[in-house]
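# Residue-level structural notes
Spelled out from the first residue to the last, the chains are:
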Amino acid sequence: MAALVSSLIVFSLMRAVPGDIVGQMLGQTSDPTATEALRGFFGLDRPLYAQFTEWLIDVLRGDLGRSWYQGQAVTSLVSEAFLVTLQIAVLTLIVSTLIGVPLGVLAGIAEGSKIDGLIRAFNLIGLSAPVFWVGLMLLVGASALFSWSPPFTYSSPSENLSDNFEIIILPILSLGALQAAAYSHFVRECMVSELRRDYIRAALAKGLSPAVVYFKHALRNILVPLVTFMGLILIQILGGTVVIESLFSIPGLGRLILSGIQGRDYPVVQGALLFVVFVAITVNFLVDAAYGLIDPRLRK
Amino acid sequence: MSALRFAEGLLKAPASRLLSYLLLAVFAVLIVAPEWVAPQSPIAVDPGRALQPPSAAHWFGTDDVGRDLFARVVHATRITLGLVAGALLLSAILGGVLGLISGFAGGLLDQTLARLVDVILTFPPIIAGVVITGVLGPGADNLVLALAIVYLPLFFRIARSGAMAENARTYVEAARSLGFGEASILMRQVAPNVLPLILMQYVLLFPLALQIEAALGFLGLGVAPPTPDWGSILEQGKNFILVAWWISLWPGLFLLASSFSVMVLGRQVQERLGSG
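Residues numbered from 1 in each chain as written. Chains lettered and ligands numbered in written order. Predicted model: local features only at pLDDT ≥ 70, side-chain atom pairs only at ≥ 80, totals over all residues.

### Some words on the overall build of chain B
Across its full length, chain B holds eleven helices and zero strands. Of all intrachain contacts in chain B linking residues separated by at least 6 positions in sequence, the fraction that spans at least 24 positions is 68%. (Helix = DSSP H or I, 4+ residues; strand = E, 2+ residues; numbered from the N terminus. Contact = placed C-beta atoms within 7 Å.)

### As for the overall build of chain A
Along the backbone of chain A there are 13 helices and zero strands. Going from N to C terminus, chain A has its helices and strands arranged as α-α-α-α-α-α-α-α-α-α-α-α-α. Out of the 300 residues belonging to chain A, those deemed buried represent 38%. In chain A, of all internal contacts separated by at least 6 residues, the share reaching a separation of at least 24 is 72%. (Buried ≥ 20, exposed ≤ 12 C-beta atoms within 10 Å, placed from the backbone.)

### Focus on the interface of chain A and chain B
Reports often express the size of an interface as the amount of accessible area lost when the parts come together. Each side of the interface is counted separately: chain A has 37 residues, and chain B has 32 residues. Of the residues forming the side of chain A that touches chain B, the biggest block, eight residues, is contributed by helix H11 (residues 223-247) of chain A. Residues that form the side of chain A that touches chain B fall into these classes: 29 nonpolar, eight polar and no charged. (Nonpolar A, V, L, I, M, F, W, Y, C, P; charged D, E, K, R; others polar.)

### Section: the environment of Leu 234 of chain B
Note on placement: Leu 234 of chain B falls in helix H10 (residues 230-238). Separated by 14 residues in the primary sequence, Leu 234 of chain B and Gly 220 of chain B place their C-alpha atoms 9.7 Å from one another. In contact with Leu 234 of chain B, not counting residues within four places along its chain, are Phe 132 and Trp 133 of chain A together with Ala 214, Gly 217, Phe 218, Ser 248, Pro 251 and Gly 252 of chain B.

### Observations regarding helix H6 (residues 125-136) of chain B
Residues and elements named next belong to chain B. Given a rise of 1.5 Å per residue, twelve residues ought to cover 16 Å, and the 16 Å separating the end C-alpha atoms of H6 matches this to within 8%. The buried fraction of H6 is high, at eleven of twelve residues. The set of residues buried in H6 consists of Pro 125, Ile 126, Ile 127, Ala 128, Gly 129, Val 130, Val 131, Ile 132, Thr 133, Gly 134 and Val 135. Looking one or two residues past H6, Gly 137 carries a phi angle of roughly 95°, positive in sign. (Expected span 1.5 Å × (residues − 1).)

### Some remarks on the packing of helix H6 (residues 114-128) of chain A against helix H8 (residues 161-195) of chain A
Residues and elements named next belong to chain A. It is at 8 Å that the axes of H6 and H8 come closest, and there the two elements cross at 125°. When the axes of H6 and H8 are compared, the pair comes out oblique. Here H6 and H8 pass one another in a crossing that is left-handed. Contacts between H6 and H8 involve Ile 119, Phe 122, Asn 123, Gly 126 and Leu 127 from the first element and Ala 177, Leu 178, Ala 180, Ala 181, Ala 182, Ser 184 and His 185 from the second. (Axes fitted to C-alpha atoms, helices over the stretch in contact; angles between N-to-C directions. Parallel < 35°, antiparallel > 145°, perpendicular 65-115°, else oblique. Left-handed = near helix turned anticlockwise from the far one by under 90°.)

### Considering the nonpolar core
All names here are of chain B. Counting 145 residues, the largest nonpolar core has Val 130, Leu 147 and Ala 209 as its most contacted members. In terms of residue count, the dominant contributor to this core is helix H9 (residues 182-218) (17 residues). If near-sequence neighbours (up to four positions away) are discounted, Ala 209 is found in contact with Val 84, Ala 87, Leu 88, Leu 147 and Tyr 151. (Core = buried A, V, L, I, M, F, W, Y, C linked by C-beta atoms within 7 Å.)

### Focus: unusual backbone geometry
At Ser 249 of chain A, a position not held by glycine, the phi torsion is positive, near 50°. Relative to the elements of secondary structure, Ser 249 of chain A occurs in the loop between H11 and helix H12 (253-262). Among the residues examined, Ser 249 of chain A registers 13 C-beta atoms within 10 Å and is labelled partly exposed. Positive phi outside glycine occurs at Leu 51 of chain B, with the angle close to 50°. Position of Leu 51 of chain B among the secondary structure elements: in the loop between helix H3 (34-37) and helix H4 (69-105).

### A word on the environment of Arg 197 of chain A
Residues and elements named next belong to chain A. By secondary structure assignment, the location of Arg 197 is in the loop between H8 and helix H9 (198-205). The class for Arg 197 is partly exposed, based on 13 C-beta atoms found within 10 Å. As for Arg 197 and Ala 218, which are separated by 21 residues in sequence, their C-alpha atoms are 9.6 Å apart.

### Notes on the packing of H6 of chain A against helix H11 (residues 246-272) of chain B
Viewed as axis vectors pointing N to C, H6 of chain A and H11 of chain B meet at an angle of 120°, and their least axial separation amounts to 8 Å. For the element pair H6 of chain A and H11 of chain B, the recorded crossing hand is right-handed. Judged by residue contacts, Leu 124, Ile 125, Leu 127 and Ser 128 of chain A of H6 of chain A engage Leu 256, Ser 259, Phe 260 and Met 263 of chain B from H11 of chain B. Here the residues of the contact of H6 of chain A with H11 of chain B are counted per class, giving six nonpolar, two polar and no charged.

### Considerations on the confidence of the model for chain B
For chain B, the mean per-residue pLDDT works out to 89, and 95% of the residues sit at or above 70. The ipTM, which scores confidence in the relative placement of chains, is 0.87 for this predicted complex, and the corresponding pTM is 0.88. (pLDDT = per-residue confidence, 0-100.)

### Notes on the environment of Pro 150 of chain A
All names here are of chain A. Here Pro 150 shows up in the loop between helix H7 (131-146) and H8. In this structure, the C-alpha to C-alpha distance between Pro 150 and Leu 223, residues 73 residues apart in sequence, is 37 Å. Not counting chain neighbours up to four residues away, the residues in contact with Pro 150 comprise Glu 166, Ile 167, Leu 170 and Phe 248.

Shown next as structure tokens:
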């Protein structure tokens, strides 16, 4: 339902504003006959509702149409671009979880100490730094320290694994560092409030070792909010890749949307956005499904 | 006495809070009187001194057309922060009013509005921002409009839930039984009680909106050059990153510092209002 309404909005928004693909193709010197012919060719002369229903029926058949520029099927454009973005997003999620969760747990246990102070400073800086700026600074740092800079032509992991690694390492580091900060901040808050609860005090008082109390009891109890947060982070990373892909010239979903909008390539933008909404809904669904696995009380 | 207590409170405050107050004071000066801090013109072009590294004459260096970066970054403070502040204000007013009405009225109107607003939320903010500014075209007006639309649902939701909670309380029932009109109860009784929630949301969203504003500027969808704006300066610096890192360093640091100080302020507001 949400996907339907949002695609209708995207559809009308793109057509409501002045400037379409015909104008861009012909430029200033267009003669009216050519304009009419091209508008007819793209179906832009037909009423909005007719264009929308036709598109919607095709979508339900699994056909997102063809790009008006490249002539390729939108489904293949979107899925190719998504695989590129997905690789970066998943690796970023792994990196940020592996850094962020231990930092947050540590800071939560050592609340008020010097270590906690350091980790909190990292969290605040990470939450305030613009991701693309961190990317830019990493570029400068890598070039100054190792006289190395990433290649700006993309190769996929199946083509050439080491080239692929050289391209994605900086995007993953810049996105990962910031999301690790968000993660660590969140885990710390959860941990601090969990450790204040009575059962923790009771467990420590009866002589259980602190390691068991922290990792077996407290950590297990904050798993549900942690997984919810993981879903949020994944959606955040997908958003963050838009800027990072443009900076590092990576042909992912974000770049596809950006170039599609700039070229008024309606089928590509509609297809890609529909896909983004679909991914967001799927992630939320998976998060909900994971609750039952973690916490038996939430099984229905 | 109160000044003394204020000083005492400052001394006891954690380092991050002190730093944030200090930075906020600096930004206030940069917003009120940028020409006093950086007397050089932020837009005067001089090809003879292009791409100079930081020096005594040009503290932050110069960009590819020889503009003084210190002046540009300092003058951009008012523009960037002003755009974000304005956009969020618009968003807070629209979202707040709609949310109040929706939550207070309930019923079909509420259901419809809530569903519509949720549609915006299905997109990650940056993608919604890219779509709106991309379609409308670059420029300060469109940027403000885009940010306002992106953050409207969050103001709507908080105002709506606030109005719903207030609506269930006895004083509203009392006002009704005394014969006050619905509009008057909403405006005079409910709205003032929901306002602090909206204010808090404003402060909490400010750093997030600032990041999106900068990202859109960086993608070339923000303020048109030569107007100085942190995101746009970063976009310009991107092409010279390996030869002139200083173009990109400073606007990023200013973004970081302003985000940081507002975020710490937001935490404090949240603690004070006791809902964090």
